[in-house]
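Residue-level structure breakdown
Read off the chains here:
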Amino acid sequence: MICIACGKEQQNLVNSHVVSNFIRKRLMGETKSDGSRKFSFSWVGRKDLPKQDLPKPRLMCKTCDNNLGKEVEDGIAELLMPDDVEAFDAWGDLPIRAHEIHGVFDDPLTLGVYDYPLSTQFMIEKFALSVAWRALHALAKDGEQHSCALLNSKRGANIDESVRRHLFNGACLQNTYDAFIYYWSPSTVNFITNNSGDMPFAWAELGDEGESLGVTVMFAYWVIVWPLFERDRSQYSAKLDRLNKLCFMDWVAHVSRQLAS
Ligand SMILES: [Zn+2]
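Anyway, here's the lowdown on the structure attached to this text.

This part covers the overall build of the protein chain. Of the regular secondary structure elements, the protein chain holds 9 helices and 9 strands. Computed over the C-alpha atoms, the radius of gyration of the protein chain is 18 Å, within 12% of the 18 Å expected from 2.2 N^0.38 for a compact globule of 261 residues. Considering only C-alpha atoms, the protein chain reaches an extent of 50 × 45 × 40 Å along its principal axes. Going through the 261 residues of the protein chain one by one, you find that 52% of them count as buried. Sequence separation of 24 or more characterises 67% of the internal contacts of the protein chain that already satisfy a separation of 6 or more. Working note: accessible area of the protein chain is about 12600 Å², and carbon and sulfur atoms make up 47% of it. Averaging the coordinates of the 28 positive side-chain charges in the protein chain and doing the same for the 34 negative ones gives two points 6 Å apart.

Dropping the structure here:
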């Protein structure tokens, strides 16, 4: 099996988390000394998975999986969420500002974006990209059409290489766009899951008319949108609008229906 990070044939790949385990642990209260469990998780499309776990595809060798933890994930939990995730005021202390997304509904869709000083913001962006990149590979391993086609293409191979160099070697990101990470409120999460103790987890490739537009990952209070369409300035806004619409209108509704069924 080939590790997606070092590209080497490895005897064993570890069960990697597409969405880092620290997210689940903190939200579930496992990091608290009393060990109380706060939320359960619903993984869309996989009712066989236990509610306290997340899918763990085999993506990386142990060394690379550890490196990703060190290079990208260390220190991210406290940037994304307060120590006590149920303390409403503590969320207000985080630098999350409102950001309007146009082109999805008649009225702008307002989501939260993090607004840290640049060097810190960079860590969050890198983390978001690493999650989306893992999702892209997980989707390809599951045989999803757009993701397979992209990773098998020259353009996709260049994107993949650039992301790896960015995540593991600190190189500038080339050939592709950064991934967006948005915070959505508990009321939006409730709306999606219809259950205040439940957290949605899902990832998907989104595209139409044979074109892959991007990969999206939803986990608890966040959604990541990674545009993967070709870099063409004249097309950027139209394609990003289309991707956002597929994500926030069609896919979110799909997830909500799946969770209700
Ligand atoms: Zn490796």
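Right, let's get into the packing of aromatic side chains. Using the criterion set out here, one finds 15 aromatic pairs in the structure. Their ring planes at 45° and their centres at 5.7 Å tell us that phenylalanine 22 and phenylalanine 127 sit as a pair that is tilted. Separated by 105 residues along the polypeptide, phenylalanine 22 in helix α1 (residues 21-28) and phenylalanine 127 in helix α5 (residues 118-141) bring together distant segments of the chain. Assigned by exposure class, phenylalanine 22 and phenylalanine 127 land together as buried.

A separate point is the nonpolar core. Judged by nonpolar contacts, the single largest core of 86 residues is most densely connected at Ile23, Phe219, Trp222, Trp226 and Phe248. Of all the elements, α5 adds the most residues to this core, at 12 residues.

Running from N to C, helix α8 (residues 186-193) and helix α9 (residues 236-260) point in directions that differ by 60°, and their axes come no closer than 7 Å. One way to sum up the angle between α8 and α9 is to call them oblique. Side by side, α8 and α9 meet where Phe191, Ile192 and Thr193 of the first sit next to Val252, Val255, Ser256 and Leu259 of the second. Here the contact of α8 with α9 is composed, by residue class, of 5 nonpolar, 2 polar and no charged.

Our next topic: the coordination of the zinc ion. Every protein donor of the zinc ion is listed here as Cys3 (SG), Cys6 (SG), Cys61 (SG) and Cys64 (SG), and their distances to the metal cover 2.3 Å. Around the zinc ion sit 4 donor atoms; with metal-centred angles ranging over 100 to 121°, the donor geometry is tetrahedral. The sequence pattern describing where the donors of the zinc ion fall on their chain is C-x2-C-x54-C-x2-C. Of this pair, cysteine 6 sits in the segment before β1 (14-15) while cysteine 61 sits in the loop between β3 (58-60) and α2 (62-73), placing them 55 residues apart in sequence. When its relative accessible area of 28% is taken as the criterion, cysteine 6 is described as partly exposed. Note on cysteine 61: relative accessible area 5%, which makes it buried.

One can find serine 256 in helix α9. Residue serine 256 is classed as buried on the basis of its relative accessible area, which comes to 16%. Once the C-alpha coordinates of serine 256 and lysine 141 are considered, the two residues, 115 residues apart in sequence, prove to be 25 Å apart. Apart from the residues within four sequence positions on either side, serine 256 is in contact with Phe191 and Ile192.

Scanning all chains against the criterion turns up 6 salt bridges. Residues arginine 97 and aspartate 115 are paired through a salt bridge, measuring 3.1 Å at the closest nitrogen-oxygen approach. Note that arginine 97 is positioned in strand β4 (residues 96-101) and aspartate 115 in the loop between β5 (109-114) and α5, a separation of 18 residues in sequence. The exposure class assigned to arginine 97 is partly exposed, which follows from its relative accessible area of 40%. You can call aspartate 115 partly exposed: its relative accessible area is 42%.

Our next topic: helix α6 (residues 145-152). Turning to α6, its buried residues are His146, Ser147, Leu150 and Leu151. Buried residues in α6, looked at end-on, bunch into an arc of 120°, giving them a common side. Exposed and oriented more than 90 degrees from the buried face of α6 are Gln145 and Asn152. Packed against the buried residues of α6 are α5, α7 (154-169), β7 (198-208) and β8 (211-219).

What counts and how
Residues numbered from 1 in each chain as written. Predicted model: local features only at pLDDT ≥ 70, side-chain atom pairs only at ≥ 80, totals over all residues. Heavy atoms only, no water. Helix = DSSP H or I, 4+ residues; strand = E, 2+ residues; numbered from the N terminus. Rg over C-alpha atoms; globule rule 2.2 N^0.38 Å. Buried < 20%, exposed > 50% of the residue type's maximum accessible area, 1.4 Å probe, protein only. Contact = heavy atoms within 4.5 Å. Areas by Shrake-Rupley, 256 points an atom, 1.4 Å probe, with all protein chains shown as cover. Lys, Arg positive; Asp, Glu negative; His and termini not counted. Charge placed at Lys NZ, Arg CZ, Asp CG, Glu CD. Phe/Tyr/Trp six-rings, centres within 6.5 Å; stacked < 30°, edge-to-face > 60°. Core = buried A, V, L, I, M, F, W, Y, C linked by side-chain atoms within 4.5 Å. Axes fitted to C-alpha atoms, helices over the stretch in contact; angles between N-to-C directions. Parallel < 35°, antiparallel > 145°, perpendicular 65-115°, else oblique. Nonpolar A, V, L, I, M, F, W, Y, C, P; charged D, E, K, R; others polar. Donors = N, O, S within 2.8 Å, 3.2 Å for Na, K, Ca; no water. Tetrahedral: all angles 85-135°; square planar, octahedral: opposite > 155°, others 65-115°. Salt bridge = Lys/Arg side-chain N within 4 Å of Asp/Glu carboxyl O. Arc of directions from axis to C-beta.

This is a description of form; function is not addressed.
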